[in-house]
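# Structure at a glance
These are the residues of each chain, in order.
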Amino acid sequence: MTRLQTPCIEFHDVSKRYGDLQVLNGVSFQARPGEKLSLIGPSGSGKTTILRVLMTLESIDGGTVRIEGEPLRVPGEQQRLSRSAERGLQRIRGKVGMVFQHFNLFPHMDVLRNITLGPMLTQGVSRDEAEAQALRYLDMVGLADKARSRPSQLSGGQKQRVAIARSLALKPKIMLFDEVTSALDPELVDEVLAVMRTLARETDMTMLLVTHAMNFARDFSDRVLFFERGRILEEGPPQQIFSEPREERTRTFLRKILASGQDL
Amino acid sequence: MTWDWQFVWSFMPTLLEGAWLTVLATVVGTVIALLLGAVLAVAGYSRYRLVRGAIAFVVQFLRGTPLLVQLYVIFFVLPDIGIVLPAFLAGVIGLGVHYSAYLAEVYRAGIDSVDRGQWDASTAINLSRRQVWLHVILPQAIPKMVPPLGNYSIGMLKESALLSTISVFELVARAQAIGNETYRFTEPLTLVGLSFLTLTIIFTLLLRLAERKAEGLR
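Residues numbered from 1 in each chain as written. Chains lettered and ligands numbered in written order. Predicted model: local features only at pLDDT ≥ 70, side-chain atom pairs only at ≥ 80, totals over all residues. Heavy atoms only, no water.

### With respect to the layout of surface pockets
Each pocket or cavity is described by its volume, and for the largest pocket that value is around 2,000 Å³. Contributing elements (two or more residues each) for the lining of the largest pocket: helix 2 (83-93) of chain A together with helix 1 (5-43), helix 4 (87-112), helix 5 (116-124) and helix 6 (129-159) of chain B. It is helix 6 of chain B that contributes the most residues to the lining of the largest pocket, eight residues altogether. Of the residues belonging to the lining of the largest pocket, the class tally is 21 nonpolar, ten polar and 17 charged. (1 Å grid on protein atoms, 1.4 Å probe; cavity = no way out; pocket = protein on both sides within 12 Å on 5 of 7 lines; lining within 4 Å. Points joined across faces, edges and corners; volume = space filled by probe spheres on them. Helix = DSSP H or I, 4+ residues; strand = E, 2+ residues; numbered from the N terminus. Nonpolar A, V, L, I, M, F, W, Y, C, P; charged D, E, K, R; others polar.)

The following block contains the structure:
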């Protein structure tokens, strides 16, 4: 296989259960390097779990996940990794960044420290360099003047933009966005989406987006995956999924979302 | 009933020695409780159900039986199986072990109060487990732990009076001895009460200082 053909992300027949609940039920898909994928579907259909598996926050029960061809092995709750396996996991994890619905900024640190912590602790970047770099990313998300603020002093939209800068600072190849605008007041959604649009345009990161914002998913993604009950029910380019979905279930879902006005 | 100042001055030196022992017992007891409590708290997060169960039982046992009984067991029963401890050592071990069960709960509550999302975010920026504890979890948990830890320490100061029952010559034991010798209890017991009050006030002020320091972590 040549390098070009290696998918950036590869799920093969992945399954996962929590007790009686089968959250992932034989999920297979691939993402090319630089591809932007949107994961849509009803809540509880497994979209977020896909992102959490890629971020090594969840283990899987069956199937394989590969990142740039390397298999991802995340230990379950009761398992412990050997030193070398732990290091291997950390190396792969370094390729992935994630932005969360509830921001999860570190409240005891100022904005600058939130961003420099990762590069300084995990990549051996010096403080000066990390701070200079952090300021560049803050500038990119339009918050250069907030470097010395505490997260508690920021609006939701600002917090989420800091969270994006925090992920970018580690220069990941893959960015995961987990319902990043769902917890925001409607008037703050646009400032976050604008930053993501810029990222999609100006970087070649592979991006996976879990969202209910259908209009944004339509502009943003190269391909849309529709999830239901732990499976991918339908996938295709956004024009096709949103305009002429093949599955009745997809159609009902889209109609419901549009009617509920959740589509911001 | 009259108040005899001369009598007061005559027993003050021995009472102050008793106060010193009380403080020493509290400080050593607190150190033991802080360390053992941390061990119990961490072991309570074990991946093994058996360990978690054992820890839960030990904590329940220590909190569910009186300190006085625990002191008696350490001082009067352990010698039967060949473990003879000097009174002071037996006393501080009793205090420390008893309170470690409470402090374990304080640690756990502090750690559990930190949002799960903080672990997720720390993993997402690729921190190791040690780095997550050191840079993210503990700095948020410790400020919440300090006030209850301090309160338990003050509780220990007062409960150290129980050490008098196993012949540790702290404040209360001294007052009793003076009373038994002179048949005057008013002055020694009043002074013991005032000594405890003074000590708890000092401890409270120190605690305030510690709380402010801990806030600085945030």
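Once the structure has been displayed, the description carries forward.
### Digging into helix 3 (residues 111-122) of chain A
Residues of helix 3 of chain A that are buried: A:Val111, A:Leu112, A:Asn114, A:Ile115, A:Thr116, A:Leu117, A:Gly118 and A:Pro119. Contacts from the buried residues of helix 3 of chain A go to helix 4 (127-140) and helix 5 (156-168) of chain A together with helix 6 of chain B. Once helix 3 of chain A ends, the next one or two residues include A:Gly124, with phi positive near 65°. (Buried < 20%, exposed > 50% of the residue type's maximum accessible area, 1.4 Å probe, protein only. Contact = heavy atoms within 4.5 Å.)

### Concerning the sheet that holds strand 2 (residues 21-31) of chain A
Residue and element names in this part refer to chain A. Strand order across the open sheet formed by four strands is 2-1-4-5, with antiparallel pairing between neighbours. A single partner strand is all that each edge strand has here, and the edge strands are strand 2 and strand 5 (70-71). Direction of pairing for strand 4 (residues 62-67) relative to strand 5: antiparallel, over a ladder of two bridges. Among the inter-strand pairings, isoleucine 67 is bridged to a residue of strand 5, identified as glutamate 70. (Pairing = 2+ DSSP bridges.)

### Observations regarding the packing of helix 2 (residues 49-64) of chain B against helix 4 of chain B
Residues and elements named next belong to chain B. Between helix 2 and helix 4, whose axes approach to 8 Å, the crossing angle comes to 120°. Accordingly, the angle class assigned to the pair helix 2 and helix 4 is oblique. Of the two elements, helix 2 crosses helix 4, and the hand of that crossing is left-handed. Along the contact surface, helix 2 presents Val59, Leu62 and Arg63, while helix 4 presents Val97, His98, Ser100, Ala101, Tyr102 and Glu105. When grouped by side-chain class, the residues that make up the contact of helix 2 with helix 4 number five nonpolar, two polar and two charged. (Axes fitted to C-alpha atoms, helices over the stretch in contact; angles between N-to-C directions. Parallel < 35°, antiparallel > 145°, perpendicular 65-115°, else oblique. Left-handed = near helix turned anticlockwise from the far one by under 90°.)

### Notes on the UniProt feature "transmembrane region" (unreviewed entry) in chain B
All names here are of chain B. The UniProt record annotates "transmembrane region" (unreviewed entry) at residues 20-42, 54-77, 83-104 and 191-210. For the annotated span residues 20-42, helix accounts for 100% and strand for 0% of the residues, and the straight-line distance between the end C-alpha atoms is 33 Å. Here residues 191-210 is 100% helix and 0% strand, with 28 Å between the C-alpha atoms at its ends. (UniProt positions renumbered as here; feature names shortened; annotations may be inferred.)

### Considering the environment of A:Glu179
Residues and elements named next belong to chain A. Mapping glutamate 179 onto the fold places it in the loop between strand 7 (174-178) and helix 6 (186-202). Once residues lying within four places of it in the same chain are set aside, the contact partners of glutamate 179 are Thr48, Gln101, Val210 and His212. There is a polar contact of 3.0 Å between the side chain of glutamate 179 and the side chain of serine 182. (Polar contact = N/O pair within 3.5 Å; in protein donor to acceptor, adjacent residues only side chain to side chain.)

### Re helix 2 of chain B
All names here are of chain B. For helix 2, built from 16 residues, the straight-helix expectation of 22 Å at 1.5 Å per residue is met to within 8% by its first-to-last C-alpha distance of 22 Å. Residues of helix 2 that are buried: Ile55, Val59 and Leu62. The buried residues of helix 2 all sit within an arc of 70° when viewed along its axis, so they share a single face. Those residues of helix 2 that are exposed and aimed more than 90 degrees away from the buried face are Arg49, Leu50, Phe57, Gln60 and Gly64. Considering only its buried residues, helix 2 is in contact with helix 1, helix 3 (67-77) and helix 4. (Expected span 1.5 Å × (residues − 1). Arc of directions from axis to C-beta.)

### Considering the UniProt feature "domain: ABC transmembrane type-1" (unreviewed entry) in chain B
Per the UniProt record, "domain: ABC transmembrane type-1" (unreviewed entry) is found at residues 19-207 of chain B. In residues 19-207 of chain B, the share of helix is 80% and the share of strand is 0%. The end C-alpha atoms are 19 Å apart.

### A word on empty space enclosed by the protein
Scanning the entire structure with this criterion turns up one cavity of 30 Å³ or more. A per-class count over the lining of the largest cavity returns six nonpolar, two polar and one charged.

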